Protein chains: 2
Amino acid sequence: MKTTRQHGRRKVTLKDVAAQVGVSHTTVSNAYIRPGQLSAALREKIFAAAQEMGYTGPDPAAKQLATGHSGALGFLFSEDLPYAFSDPAVLTVLNGVAKSCNELETDLALISAGSSLRNMNTPVSLGNAAVDGYILYSVAPDSRCVMMAQQRNVPLVVVDQPRLDGVPYVGIDDRDAAYKAAKTLLELGHRSFGILSLKTAHDDYFGILTAKRRANIAHSTIAMRLEGYLTALQEAGIAPETVPAWEIPINSEEAGAEGARFLINRPERPTAILAMSDRVAIGAMKTIRAAGLSIPQDVSIFGFDDIPAAATADLSTIRQPHEQKGTEAVRLLVQQDGRQNVILKTELVKRGSIGQPPKAEPSRG
Amino acid sequence: MKTTRQHGRRKVTLKDVAAQVGVSHTTVSNAYIRPGQLSAALREKIFAAAQEMGYTGPDPAAKQLATGHSGALGFLFSEDLPYAFSDPAVLTVLNGVAKSCNELETDLALISAGSSLRNMNTPVSLGNAAVDGYILYSVAPDSRCVMMAQQRNVPLVVVDQPRLDGVPYVGIDDRDAAYKAAKTLLELGHRSFGILSLKTAHDDYFGILTAKRRANIAHSTIAMRLEGYLTALQEAGIAPETVPAWEIPINSEEAGAEGARFLINRPERPTAILAMSDRVAIGAMKTIRAAGLSIPQDVSIFGFDDIPAAATADLSTIRQPHEQKGTEAVRLLVQQDGRQNVILKTELVKRGSIGQPPKAEPSRG
DNA sequence: TTGTATGCGTTATCAG
DNA sequence: CTGATAACGCATACAA
């Protein structure tokens, strides 16, 4: 994918237009940047010439090199690019970002940090795009791109993860939200729980969330949610270490379905499942029903996010203001004065997926 | 959102690193670009110094100015930025684009041409992003950005719309697909049709798709679909001008619901509705059911796209390979040799939304 | 109101 | 393997 002067003729520049019109190249530049500095007539003349010569305005790269900014912002995330378009929650955040970008007339560059994680030995760049600032969206705290972004001396905002000193933050109170979800289930009478956790560290582990892993959770949102769940359970006299948990490497229904298989096949089948995302929960619901169990008669389940599909699935969940996360992130990036943090409110949404635990002890058969 | 030297210290450049290590700046540049040209030891030394000084690699803008390419491609569309994240079909195309970008390790800049349509008097730039090529996704043919993109002398690919001389094209046979949809309904015995059309021109018109508007359709995909529908009907002896059609300004369920209201309130209520998108069709289904009518007993309906929601809604439709559109577009953009066109295959998907027309003439009451 | 000179950070060319 | 030198296309004091 080469560029410039490949269609044959050389690229038309400011200077060419200037020569054609018979003015200096500064004047042409002014015509674009400072309309007021020119007579309207000259301006029109310049634009006409530009039009005819096929000059499409200042070259973005050159402009940025000279001015120091590009009029675009980067949205950076850990997963690979396609993932962003498959996760409804991410999409909604992006939607918010897009709305703000639209108002600001800035472009939006999507940058996957995944690629810069592959070759660890070579100092790779943080995406190729020239941007004026980055929104770090739920990137792994130990990811190299965090460091690189910080060094880059451009405005930063992080959404969800990780919390960085001196960098504005947009997120929710994950601990509180999780706590309330667990509390709701406890109040319905549940005493036997299972947890479906999202990934806790930057490896490809999946399986039982062991005590060791529980103690070393790199992703703060996950740590907070787990803490919220377990605190509520502990307050009800349920020892955290007795609560089975399954760690899921990627936020998908399939992975949730698999995790649920683990939980419902335990000797003492949980009557309530706490899932850290709706996609995982919805996958789990399929497993549960495929096993011949009813929701919520046999097992209750609670999600997280409130993606559109949650309503369809009649899944109780925690509603996150995803879109607002996006708009707030852009706002903070643009203002960049207060560098304060924004903690958005969540809302507990009760739907048909939760109910009282079964009367007869379902000691499995 | 200023940039550079704002965190206090000046931006560290190639030259600074070179001075620190005691080599020329060319050598440092080579360390990044041409690893083979240096002794491994020197390379390490340079990287170590860079690391310590906080040099994050070549500045993207400067690099692009020098090399002529940026490692990013632009995805350009007519609607505003947020729309892209709300339309499932667009999203799937983007997903395909993202997959290819991910493999190529190029960034993806989302550019809304909408903003450049506002101020028509000033020559605005085609987005601020510096990109190596554009994918024009279903932009209005008369949009200025089409011209600007062409002048820009960078590789172009258009998806769906418009067809441009010398520019590779990715799309489907809209006419054929629409023809088959109508044919399917005809074979079920329907004789009374209604059409829900997407917007035909670059205005904000909504309402009856008049004869005059039918004759002046700017959007080729829409023209082809309409032609496909009407050709099938005409072959069955139904005069095109007798078929009521409603034009919808924006592809949404709400707009579809409104259009359906027009159709089912006609003196002779259609027994079959042909909708140019699934979203529109799904909105229409709501209206139909809200009016106390059954699908397909009272009215059959056919969509277009096969977005995920179509399956849920049990809507018959034309499946478009949206994701493949994206991957093909990138492929064409990168190769840029054959500059051939790619017409992807569609598939007619029959679901529960279509059936035989009611026996008794429902002459409305 | 318009033009001149200089710098932006990098890559490429072509010597040594 | 290394280092001067010249682009790259534009913006911006500053001077005219």
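Every value quoted in this text rests on a predicted model; they were computed, and no experiment measured them.

1. Notes on the protein's contact with DNA strand C
The environment of DNA strand C is formed by 24 residues, the closest being A:Ser24, A:Thr26, B:Leu14, B:Ser29 and B:Tyr55. Put simply, 69% of the atoms of DNA strand C that lie within 4 Å of the protein are in sugar or phosphate. Within the side chain of A:Thr26, a nitrogen or oxygen atom sits 2.9 Å from a base oxygen of DNA strand C. At 3.2 Å, a side-chain N or O of B:Thr26 approaches a base nitrogen of DNA strand C. The set of elements that each furnish at least two residues to the surface near DNA strand C consists of helix H2 (25-33) and helix H4 (60-67) of chain A together with helix H2 (25-33) and helix H4 (60-67) of chain B. Broken down by class, the residue content of the surface near DNA strand C amounts to 11 nonpolar, 10 polar and 3 charged.

2. A few points about the UniProt feature "domain: HTH lacI-type" (unreviewed entry) in chain A
Feature annotation in UniProt assigns "domain: HTH lacI-type" (unreviewed entry) to the following positions: residues 12-67 of chain A. Helix makes up 70% of residues 12-67 of chain A and strand 0%. Its end C-alpha atoms lie 20 Å apart.

3. Some remarks on the nonpolar core
Judged by nonpolar contacts, the single largest core of 161 residues is most densely connected at A:Phe75, A:Leu108, A:Leu110, B:Phe75, B:Leu108 and B:Leu110. Contacts of A:Phe75, omitting those with residues within four sequence positions, involve A:Val93, A:Leu94, A:Val97, A:Leu108, A:Ala109, A:Leu110, A:Ile111, A:Ile135 and A:Tyr137.

4. A short note on the layout of surface pockets
Here the largest pocket is characterised by a volume of approximately 1400 Å³. Around the largest pocket sit 34 residues that line it, and A:Pro308, A:Ala309, B:Pro88, B:Pro308 and B:Ala309 are the ones nearest its centre. Elements with a minimum of two residues in the lining of the largest pocket: helix H6 (88-104), helix H13 (278-290) and helix H14 (308-312) of chain A together with helix H6 (88-104), helix H12 (253-264), helix H13 (278-290) and helix H14 (308-312) of chain B.

5. Quick word on unusual backbone geometry
Here the residue pair A:Gln161 and A:Pro162 is connected by a cis peptide bond, since its omega of -10° sits within 30 degrees of zero. Within the secondary structure, A:Pro162 sits in the loop between strand E4 (156-159) and strand E5 (169-172). Even without being glycine, B:Asp305 reaches a positive phi, approximately 125°. Relative to the assigned elements, B:Asp305 resides in the loop between strand E10 (300-302) and H14.

6. Thoughts on the pattern of salt bridges
Residue and element names in this part refer to chain A. Applying the stated criterion to the full structure yields 28 salt bridges over all chains. One salt bridge in this structure joins aspartate 174 and arginine 225, with 2.8 Å as the shortest N-O distance. Of this pair, aspartate 174 sits in helix H9 (residues 174-187) while arginine 225 sits in helix H11 (residues 220-235); the two residues are 51 residues apart in sequence, bridging distant segments of the chain. Taken as a pair, aspartate 174 and arginine 225 share a single burial class, namely buried. If you follow the salt bridges from partner to partner, you end up with Asp306, Arg319, Glu347 and Arg351 in one network.

7. Considerations on H2(B)
Buried residues of H2(B): B:Val28, B:Asn30, B:Ala31 and B:Tyr32, and no others. For H2(B), the secondary structure elements touched by its buried residues are helix H1 (14-21) and helix H3 (40-53) of chain B.

8. Concerning the sheet that holds strand E8 (residues 245-248) of chain A
Residue and element names in this part refer to chain A. Pairing is mixed in the open sheet, where 5 strands are placed in the order E7-E8-E6-E9-E10. With one partner strand each, in any of the chains shown, strand E7 (207-208) and strand E10 (300-302) form the two edges of the open sheet. The pairing of strand E6 (residues 193-198) with strand E9 (residues 272-275) spans 4 bridges and is classified as parallel. By the bridge assignment, glycine 194 is partnered in E9 with isoleucine 273. Packed onto the sheet, H9 meets E6, E9 and E10 and runs at close to 170° relative to E9.

What counts as what
Residues numbered from 1 in each chain as written. Chains lettered and ligands numbered in written order. Predicted model: local features only at pLDDT ≥ 70, side-chain atom pairs only at ≥ 80, totals over all residues. Heavy atoms only, no water. Near = heavy atom within 4 Å. Polar contact = N/O pair within 3.5 Å; in protein donor to acceptor, adjacent residues only side chain to side chain. Helix = DSSP H or I, 4+ residues; strand = E, 2+ residues; numbered from the N terminus. Nonpolar A, V, L, I, M, F, W, Y, C, P; charged D, E, K, R; others polar. UniProt positions renumbered as here; feature names shortened; annotations may be inferred. Core = buried A, V, L, I, M, F, W, Y, C linked by side-chain atoms within 4.5 Å. Buried < 20%, exposed > 50% of the residue type's maximum accessible area, 1.4 Å probe, protein only. Contact = heavy atoms within 4.5 Å. 1 Å grid on protein atoms, 1.4 Å probe; cavity = no way out; pocket = protein on both sides within 12 Å on 5 of 7 lines; lining within 4 Å. Points joined across faces, edges and corners; volume = space filled by probe spheres on them. Salt bridge = Lys/Arg side-chain N within 4 Å of Asp/Glu carboxyl O. Pairing = 2+ DSSP bridges. Axes fitted to C-alpha atoms, helices over the stretch in contact; angles between N-to-C directions.

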